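# Survey of secondary and tertiary structure
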Amino acid sequence: LIDQLSRDGFDSIVVIGFHLSHRVLDYIELIKPSVKASIYFVEESSPGGTAGAMLAASPYLEDTFVLVMGDLVTDFSFHDFYHFSTGLSADVSLVTRITDHPEDSDLILVSAYSTLHQFSLRLPDRSQPMNGSTPPLGNTGIFFFSRKFVLSEVKTLPSDIHEIISKILDNQRYQSRNYKLCYYFTSELIRDVGSITRLAAVNDTLQSPTPSQRNRRYRLPALFLDKDNTLVLDSAASIPSNISLIC
C-alpha cells in the first residue's frame, strides 16, 4: 500500500497503529530509504476506532486526504480516486465494488450524480437485506475525507467512521449541514485479507491476469459493439451490410 500511494503521487503518508506498533515502526524505518513519500507513524494510546485514528493523526492531515484500511491488498489507482473526489468537492467519498461476500459487508445504495443514498452497516447475524436482483455494492475500506468533516463529526472515542456515515445519511437533522457524500465505483483489484482463508484466496487472485486486466494504469485493446447511434449508425442493424461505423 505504501509503495502504491507513493507511486500515485502522494508525498505524505501517515501510518496509525496500536497493537504491536513497535513491529510496524521497525518496518517503516526499514523501507523509508526506498520510498519517495515522507512516512509518519502515529501510535494511539488506546484503540480509537477508524474515526478516532484519524483524530490521532489530525496534526499531519491536509485539507483533503485518503484513508486506507491496513488489511487491504490492491492494484488500484489512488490517484484517479483522489482527483475524482476533489473534482466533485466531496466531503466524503468512498470506493465501492460489487462484493462477493455481501453477508459480511457494509452495503451501499447509490443515487444519481455519484452520490450516496444509504449505507447499511454489516449486521452481527450477517442477515444483510438485499436490494432485489441488484448486484450488492460493498464498502472497500478506501475513503476520501475533508479534514473539516472529520474534526466536525468525530466527537467521542472510540468511534467508527462507518457508523458516522450511516448516521448522517439516515438522520434528517444532519441534512442542514449540506455534506456532499459520494461514491466511486471500480472493478479494480481490492481485497481485504482479514482472515487466513481470504489471504489464501487473494494470493490465488494475484497469480491470475485479473489485476492487470482491471487496472486503470494499463491500457488494453477493447471492442465496443453498440447500435443506439453512439458508435454505429443504426440502419436495419440486423443486416450486417447495413451497419456503418460513425468515425
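Note that the coordinates shown come from a computational prediction; the quantities given were computed from them, not determined experimentally.

## Quick notes on the environment of Ser34
Along the chain, Ser34 falls in the loop between helix 2 (21–31) and strand 2 (38–43). For Ser34, a relative accessible area of 62% corresponds to the exposed category. Between the alpha carbons of Ser34 and Asp3 there is a distance of 9.1 Å; along the sequence they are 31 residues apart. At 2.9 Å, the side chain of Ser34 forms a polar contact with the backbone oxygen of Ile31.

## Structural notes on the pattern of salt bridges
When their charged atoms lie close together, side chains carrying opposite charge are able to pair. Going through the model one piece at a time under the given rule, you end up with 1 salt bridge. For Glu29, the salt bridge is made with Lys32, and the minimal N-O distance between the two is 3.5 Å. Among the residues examined, Lys32 registers a relative accessible area of 34% and is labelled partly exposed.

## Focus: the packing of helix 3 (residues 49–56) against helix 6 (residues 161–170)
Running from N to C, helix 3 and helix 6 point in directions that differ by 105°, and their axes come no closer than 5 Å. The orientation of helix 3 relative to helix 6 falls into the category roughly perpendicular. Taking contact as the criterion, the partners of Thr50, Ala51 and Met54 in helix 3 are, on helix 6, Ile161, His162 and Ile164. Across the contact of helix 3 with helix 6, the residue classes break down as 4 nonpolar, 2 polar and no charged.

## Focus: the confidence of the model for the chain
Overall, the prediction assigns the chain a mean pLDDT of 83, with 81% of residues at 70 or greater. Element-level pLDDT for the chain is lowest in strand 11 (residues 232–233), with a mean of 60, against a maximum mean of 97 in strand 3 (residues 64–68).

## Overview of helix 6
In terms of residue burial, helix 6 counts as a mostly covered element, since 7 of its 10 residues are buried. Within helix 6, the full set of buried residues consists of Ile161, His162, Ile164, Ile165, Ser166, Ile168 and Leu169.

## Thoughts on the side chain of Ser146
Along the chain, Ser146 turns up in strand 8 (residues 137–146). Each residue touching Ser146, except ones within four places of it in the same chain, is listed here: Asp63, Thr64, Phe65 and Asp91.

## Points about the nonpolar core
Membership of the largest hydrophobic core comes to 49 residues, with the highest contact counts inside it found for Ile142, Phe145, Ile161 and Ile165. Once residues lying within four places of it in the same chain are set aside, the contact partners of Phe145 are Met54, Asp63, Thr64, Phe65, Leu67, Asp91, Val92, Val150 and Ile161.

## Some details on the pairing of strand 1 (residues 12–17)
Two faces belong to every sheet, and in a regular strand the side chains alternate between them. Every second residue of strand 1 is oriented toward a common face, the buried set being Ile13, Val15 and Gly17 and the non-buried set Ser12, Val14 and Ile16. Pairing between strand 1 and strand 2: 6 bridges, direction parallel. Along strand 2, the bridge assignment pairs Ile13 with Ile39. Handedness of the crossover joining strand 1 and strand 2 through helix 2: right-handed.

## A short note on the packing of aromatic side chains
In the structure shown here, the tally under the stated rule is 12 aromatic pairs. For the pair Phe76 and Phe81, a centre-to-centre distance of 6.2 Å together with 50° between the ring planes defines the contact as tilted. An aromatic cluster is built from Phe65, Phe143, Phe145, Phe149 and Tyr179, whose rings are joined through pairwise contacts.

About the criteria used
Residues numbered from 1 in each chain as written. Predicted model: local features only at pLDDT ≥ 70, side-chain atom pairs only at ≥ 80, totals over all residues. Heavy atoms only, no water. Helix = DSSP H or I, 4+ residues; strand = E, 2+ residues; numbered from the N terminus. Buried < 20%, exposed > 50% of the residue type's maximum accessible area, 1.4 Å probe, protein only. Polar contact = N/O pair within 3.5 Å; in protein donor to acceptor, adjacent residues only side chain to side chain. Salt bridge = Lys/Arg side-chain N within 4 Å of Asp/Glu carboxyl O. Axes fitted to C-alpha atoms, helices over the stretch in contact; angles between N-to-C directions. Parallel < 35°, antiparallel > 145°, perpendicular 65-115°, else oblique. Contact = heavy atoms within 4.5 Å. Nonpolar A, V, L, I, M, F, W, Y, C, P; charged D, E, K, R; others polar. pLDDT = per-residue confidence, 0-100. Core = buried A, V, L, I, M, F, W, Y, C linked by side-chain atoms within 4.5 Å. Pairing = 2+ DSSP bridges. Right-handed = clockwise from strand over helix to strand, strands pointing away. Phe/Tyr/Trp six-rings, centres within 6.5 Å; stacked < 30°, edge-to-face > 60°.

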